There are 4 protein chains.
Amino acid sequence: MRIGVIGASGYVGGEIIRLLLSHPKVDVNIVTSRQHAGNYLHRIHPSLKSFTDLVFSELDYSKISDKCDLVFTAVPHGNALEIVKNLYDLGIKVIDLSADYRLHNADDYEKWYKFKHPYPKYLSKSVFGIPEIHRDEIKNANLVSCPGCMAVTSILALYPLVKNNIIDKEHIVVDSKIGSSGAGANVVLATQHAMRAGVIRPYKPANHRHTGEIQQELDEIAKTHVNISMSPHAVDIVRGILCTSHTFLTKDIIEKDLWKIYRNEFQNEKFIRLIRDKKGFYKYPDPKFVVGSNFCDIGFDIDYDNKRCIALSASDNLMKGAAGSAIQNMNIMSNFNENDGISYSPLTPV
Amino acid sequence: MRIGVIGASGYVGGEIIRLLLSHPKVDVNIVTSRQHAGNYLHRIHPSLKSFTDLVFSELDYSKISDKCDLVFTAVPHGNALEIVKNLYDLGIKVIDLSADYRLHNADDYEKWYKFKHPYPKYLSKSVFGIPEIHRDEIKNANLVSCPGCMAVTSILALYPLVKNNIIDKEHIVVDSKIGSSGAGANVVLATQHAMRAGVIRPYKPANHRHTGEIQQELDEIAKTHVNISMSPHAVDIVRGILCTSHTFLTKDIIEKDLWKIYRNEFQNEKFIRLIRDKKGFYKYPDPKFVVGSNFCDIGFDIDYDNKRCIALSASDNLMKGAAGSAIQNMNIMSNFNENDGISYSPLTPV
Amino acid sequence: MRIGVIGASGYVGGEIIRLLLSHPKVDVNIVTSRQHAGNYLHRIHPSLKSFTDLVFSELDYSKISDKCDLVFTAVPHGNALEIVKNLYDLGIKVIDLSADYRLHNADDYEKWYKFKHPYPKYLSKSVFGIPEIHRDEIKNANLVSCPGCMAVTSILALYPLVKNNIIDKEHIVVDSKIGSSGAGANVVLATQHAMRAGVIRPYKPANHRHTGEIQQELDEIAKTHVNISMSPHAVDIVRGILCTSHTFLTKDIIEKDLWKIYRNEFQNEKFIRLIRDKKGFYKYPDPKFVVGSNFCDIGFDIDYDNKRCIALSASDNLMKGAAGSAIQNMNIMSNFNENDGISYSPLTPV
Amino acid sequence: MRIGVIGASGYVGGEIIRLLLSHPKVDVNIVTSRQHAGNYLHRIHPSLKSFTDLVFSELDYSKISDKCDLVFTAVPHGNALEIVKNLYDLGIKVIDLSADYRLHNADDYEKWYKFKHPYPKYLSKSVFGIPEIHRDEIKNANLVSCPGCMAVTSILALYPLVKNNIIDKEHIVVDSKIGSSGAGANVVLATQHAMRAGVIRPYKPANHRHTGEIQQELDEIAKTHVNISMSPHAVDIVRGILCTSHTFLTKDIIEKDLWKIYRNEFQNEKFIRLIRDKKGFYKYPDPKFVVGSNFCDIGFDIDYDNKRCIALSASDNLMKGAAGSAIQNMNIMSNFNENDGISYSPLTPV
């Protein structure tokens, strides 16, 4: 299959290309970057030196139309609105990594992103790209919108709890901690090393816009409204995210039964590992042990005093949280093996 | 004033000594360590080379009785039970950094620490060492028990909310993130650099024993029972702690009024800085900007959709979270200026 | 091919297994660990959960003899002396990761390791495992001894300079910087996170024992004695090593010609990338951009004022510096493709 | 004394102000920043919140003339040329942190900085600000130029060796490793956290311009020309620098005698600690154990095989490597106690 990557100079774009270059069934034909057009790809992604001689080009729809069957768009939020529509209209399959087609309801863009969506009817064509929840729809989709790393990581941990209707829907607190690559390649004072190293930095503790997509998905699963209270924090790692979802059980349920619920949902999922060990030092999910892989590690603990279930989920924000999920979606859309090109073991210690 | 430090080879012990060596009104006469007795202090705390020629000694009550007016005990939990009692009985003022005399109710030791407290009647002699809440009692105390870093940092942020009775007492989630020095100098696989670097590691997400002291203090402030749902996480820094306290407002209250409540409680406190800036990059508390100081930086954000108030508090776990608070308590007990020896500005960037 | 890994609980052992589990032509049948015998492998190497159900066993020569064609030994220096000899005598191919069979001259063990080698005649059977230099010998070897990460990384950068006889043999300074995984899983105060994070720690600046193997190889290449002045430093990363080799040119040679010399030696080598770019930010080798791969990136700069050539080489100490090289050697010994199972691109950013 | 700080928004400017605000004998009256004029200082240096209400202003010579007796200039190289001259001409004492007045010979600016110095006759008025070498000149200076962190740290370690004429002057290799704060607050891709974390990045391995000042000082000490071969590396810490100076002894000299030479030079220096311990884990200088202090820790090891003396020196690049030295110079120029305001113990662990 012939692939294009639009917005190929960012961390997500680079990760998509890294994975595709070792994927058994695809060729990367076009990689675009406005800023770096004409430059070798490996000048911006030095790791890929000796893997490819690709050169960044400007976005050119007719070339893409000629040379690509499927395109990944990895441009900043807002910039994908036109591009995705145009590619879709050209009959090219699109996997979008931005937020521009994640929300189904056009009003939600006004609420969370403060703009009026210009192509509301395309929203219904877009499938939300979590295979563990929407695999059948993805199979037949022409447009898949990949969730943000905070969304996919928290939704997967909360999914069994919400679906089985065992938690208080008013008090779902998602406290997430994320590495610096999640912020993208933004060159600002706050992300430069001397200011960013050593932080535990809350950002947008209330009303973070990724709340919108978590809300949307969990509402749909719950078939009613749930309250998602999400607060992200930047921590001093590059890759990885942990979501700590504090929920309150509405039923008397013990650990063993809760494991059954989780196993029931996820036992056949290749990219979800359920984590709980009473011995050893990997007792709960920790991104340290998924870095480089497409796994979302999920576990939980129960605080019986407060009837609290702490659902924990860890992933590599550039893999399962972005590029890995995107390839997983491509594999499903293309009838490839779902783990083609993304079956890496985590790299530990790193 | 003549000082002894028992358990002087750990990180907290070392930090107490570092501060005392520059304190204008005290002399450190005795530093003990079973493991390192006979060794120069600076062999274990290399930073203090050229500041002192102190040598570790074995714990000897008669020497302490001769040479010390006040003693800091910084030994592991459980080990302070005898020592503190003995020193107290000798008429020496004690500031204990362990948990052994923090809880007022002997039953709570069985619940949280799984042992029967051998000296329950000494518990009532012990004042809980948060000056911002118990200053008057500390002034006259002979035994002060310093809270753990998670306790002091979260209690200070929650104090105005609980005291003013504006939050739901059933759903108080404290999600804390802490650096590696908080674990003490335990030499185990899980804390060695290659395994500990890069983690976002949940530990004891339910029933962490420091919950007990947070519970005790907030119950007392609320004059009723509150439910504290606390979950700590180890992150990849050495020094610093952030507590994200997710609470739910029971009143319609806007930001401006909530600031009033906080200012009202803390405006005269030298070691509390209220943080909220709409511009710049220090919008919320972050331990990055308190490291090396005795500050607890406090701020909040309101999530009106969910009526959630996210109270944020950051401190240096070895300073305000341990040794700094201990010296602050000493200053109060001794009628020194409260900020003598602990008025350092944070060290940034570091 | 059927494989055993002895000393499978360390970082190097874990990395060998990680690579072998995805290698197209081998099965891992036995993994031994005295300390963890009976435990699941993934309890010590959590990343490998879901990749294998292997269980650590005790070292049992008859089982190994039955079930393994080739064995990797990844035990601490000194511990491999007996094991390697025994396996060799059983007719099993051995790839040893310790230093016990790296030096050809028994006297050198007395000089560098302060012990008398018990099996000196086995030293001549052992091939030094740098394929780029000893590929033909490795092909037919039954015992390959893999170099330490400082050795392989520095030797590869110095090889063209020494072989072409263009540098002063008296003044070769190798200043190396290495991550914490290079120290192995030693649980001591100096390697625990709070003490090891943030260091730039010189260790053994003179007479570090890995000098012996660098010396041996370069002497052989030079066909005369060269003076290797090596000093290692621990820095605050987990994975990766940079060797800065300061050499002094004995000929007037310009950059272009020096590139020719390097290209001449390495142009067909799959795992060596020559790095020099005048633009972009990857101008010189940096382990950041090889982590997770088997590359040794090599580059240089010339300081004409001092006739100094600074040869720079970067690798992942657990890959090209240990496990990756070991698999590369296995591939050569077994007539597999040389890059089978080790053709990963670096993981960046991480 | 009344102080101004020009270029107060950078890391060095911030550190100078942090120290001055706790200095017993000075008042900071003016802090300038073109970019941030009108903003509160603590918006850029959040650590200083509650220590000062200073506001950044534009550079205004008449105000400075009215309100300042001494000015620190902490602007980028090239920008200080005019400012320093103007202040000097106004009769204001100046301590310059840039390189613009460090070199005595105007030609050296063409060699190292590629510009023609516009005010060559002011170069002779400028004293090179290393108190341990130039204390008497500093006492009477009106213009002191503080060395770069690589210069002061390496010169102090090499000074006794060069002065006592015991090393080969042709082969002096200075391999330095430095944290990210040393690069200043430059907002570029290469310094943003995801790209800068985890590096061991050589930059300008040959002909780094700070070589010029090291060369100048050591030539002067040697009273002849010495060859300085300097190569800097960026490592993954924020604060701290280690210089590993590889030198070759021209005399047979043993460790004990070399210690005598070092003690002889530095025994009365408050800010130099000689480090060598056979026990414990602080055997050689490491910036980890000087961070936050004005110390330069110095030690060495001898490699008798190669007649190599490895001189090691560690400092906090923002303290002894910049702001701390600047205050030390101010104290000397002003007849204050030399350690006023800079007698902090290192902050460990951090």
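Nothing here was measured: the structure is a model prediction, and the numbers come from that model.

Colleague: Where do I start with the pattern of salt bridges in this structure?
Modeller: Pairing between side chains of opposite charge can happen when their charged atoms approach one another. Taken as a whole, this structure holds 100 salt bridges over all chains when the rule is applied. Between Asp 252 of chain A and Lys 307 of chain A there is a salt bridge, with the nearest N and O atoms lying 3.6 Å from each other. With Asp 252 of chain A in the loop between strand E10 (241–248) and helix H11 (255–266) and Lys 307 of chain A in the loop between strand E12 (296–303) and strand E13 (308–315), this residue pair connects regions lying 55 residues apart in the sequence. We note a salt bridge from Lys 260 of chain B to Asp 257 of chain B, for which the minimum N-O separation is 3.8 Å. One end of the pair is Lys 260 of chain B and the other is Asp 257 of chain B, both in helix H11 (residues 255–266) and three residues apart, which spans about a single turn. Salt bridges linked by common partners bring Glu 15, Arg 18, Arg 239 and Asp 316 of chain A together as one network.

Colleague: Help me understand the interface of chain B and chain C, please; the structure alone is not making it clear to me.
Modeller: Interface size is commonly expressed as the accessible surface area that is lost when the partners come together. Listed as interface residues are 19 residues of chain B and, on the opposing side, 19 residues of chain C. Together, the buried faces of chain B and chain C total about 1,500 Å²; carbon and sulfur atoms form 64% of this surface. Among the residues of chain B in contact with chain C, Val 187, Gln 192 and His 193 of chain B are the three that bury the most area, contributing 42% of the side total. Seen at the junction of chain B and chain C, the total is zero salt bridges. Joining chain B to chain C, the criterion identifies eight residue pairs in polar contact (both at pLDDT 80 or more). Examining the composition of the side of chain B that touches chain C, we find that four residues originate from one element, helix H9 (residues 193–196) of chain B, more than from any other. Of the residues contributing to the side of chain B that touches chain C, the split by class is 10 nonpolar, seven polar and two charged.

Colleague: Just checking my understanding: could you explain the side chain of Asn 294 of chain D for this structure?
Modeller: All names here are of chain D. Structurally, Asn 294 is set in the loop between strand E11 (272–274) and strand E12 (296–303). Judged by relative accessible area, which is 0%, Asn 294 ranks as buried. A distance of 3.2 Å separates the side chain of Asn 294 from the backbone nitrogen of Lys 320, its partner in a polar contact. A distance of 3.2 Å separates polar atoms of two side chains, one belonging to Asn 294 and the other to Gln 328. Apart from the residues lying within four places of it in its own chain, the contact partners of Asn 294 are Phe 271, Met 319, Lys 320, Gly 324, Ser 325, Gln 328 and Ile 342.

Colleague: Can you help me understand the relation of the copies chain B and chain A in this one?
Modeller: Each of the two chain copies can be generated from the other by rotation about an axis followed by a shift along it. By a simple turn and slide, chain B fits onto chain A: the slide is 0.0 Å along the axis, the RMSD is 0.0 Å, and the turn is 180°. Here the copies are linked by what is in effect a two-fold axis. Among all C-alpha atoms of chain B, that of Asp 236 of chain B lies closest to the rotation axis, at 3.0 Å. When the interface residues of chain B are mapped onto chain A, 100% of them again lie at the interface, so the same face is used by both copies.

Colleague: Explanation requested: the sheet that holds E10 of chain A in the structure shown.
Modeller: Within a sheet, adjacent strands bond to each other through the backbone by hydrogen bonds, running parallel or antiparallel. All names here are of chain A. The sheet built from seven strands is open, its strands ordered E8-E9-E7-E10-E13-E12-E11 with mixed pairing. Strand pairing shows two members of the sheet lacking a second neighbour, strand E8 (200–202) and strand E11 (272–274), which therefore form its edges. The sheet shows a mean angle of 20° between the axes of neighbouring strands, taken without regard to direction. Looking at chain direction, E12 and E13 are connected through eight bridges and run antiparallel. By the bridge assignment, Asp 297 is partnered in E13 with Ala 314.

Colleague: What exactly am I supposed to notice about the relation of the copies chain B and chain C here?
Modeller: If you rotate chain B by 180° and push it 0.0 Å along the axis, it lands on chain C with an RMSD of 0.0 Å. Both copies share a contact surface, since 100% of the interface residues of chain B are interface residues in chain C too.

Colleague: Before we go on, may I ask you to explain the interface of chain B and chain A in this structure?
Modeller: Listed by partner, the interface residues are 53 residues for chain B and 53 residues for chain A. Note on chain B versus chain A: buried area summed over both sides is about 4,200 Å², and carbon and sulfur give 60% of it. When the buried surface of chain B facing chain A is broken down by residue, Ile 200, Phe 281 and Lys 288 of chain B rank first, second and third, together holding 15% of it. For the interface between chain B and chain A, the tally reads six salt bridges. Asp 305 of chain A serves as the salt-bridge partner of Lys 111 of chain B, at 2.7 Å between the closest nitrogen and oxygen. Where chain B touches chain A, the interface holds 30 residue pairs in polar contact (both at pLDDT 80 or more). It is strand E9 (residues 228–235) of chain B that provides the largest number of residues to the side of chain B that touches chain A, a total of six residues. When its residues are assigned to classes, the side of chain B that touches chain A shows 28 nonpolar, 11 polar and 14 charged.

Colleague: Would you mind showing me how to read the domain arrangement of chain A here?
Modeller: Residues and elements named next belong to chain A. Under the domain assignment used here, chain A contains domain 1 (2–147 + 319–333) and domain 2 (150–315). Look at where the C-alpha atoms of domain 1 and domain 2 centre, and you get two points 25 Å apart. Facing 21 residues of domain 1, the contacting portion of domain 2 comprises 30 residues. The contact between domain 1 and domain 2 buries some 2,300 Å² in all, and 60% of this surface belongs to carbon and sulfur atoms. For the interface between domain 1 and domain 2, the tally reads three salt bridges. Taking the shortest distance from any N to any O, the salt bridge between Glu 269 and Arg 135 comes out at 2.7 Å. Where domain 1 meets domain 2, there are eight residue pairs in polar contact (both at pLDDT 80 or more). At six residues, helix H12 (residues 319–333) tops the list of elements feeding residues into the side of domain 1 that touches domain 2. Per-class residue counts for the side of domain 1 that touches domain 2 are nine nonpolar, seven polar and five charged.

About the criteria used
- Residues numbered from 1 in each chain as written.
- Chains lettered and ligands numbered in written order.
- Predicted model: local features only at pLDDT ≥ 70, side-chain atom pairs only at ≥ 80, totals over all residues.
- Heavy atoms only, no water.
- Salt bridge = Lys/Arg side-chain N within 4 Å of Asp/Glu carboxyl O.
- Helix = DSSP H or I, 4+ residues; strand = E, 2+ residues; numbered from the N terminus.
- Contact = heavy atoms within 4.5 Å.
- Buried area = accessible area lost by both parts, 1.4 Å probe.
- Polar contact = N/O pair within 3.5 Å; in protein donor to acceptor, adjacent residues only side chain to side chain.
- Nonpolar A, V, L, I, M, F, W, Y, C, P; charged D, E, K, R; others polar.
- Buried < 20%, exposed > 50% of the residue type's maximum accessible area, 1.4 Å probe, protein only.
- Least-squares fit on C-alpha atoms with pLDDT ≥ 70 in both.
- Pairing = 2+ DSSP bridges.
- Axes fitted to C-alpha atoms, helices over the stretch in contact; angles between N-to-C directions.
- Domains from an automatic or database assignment.

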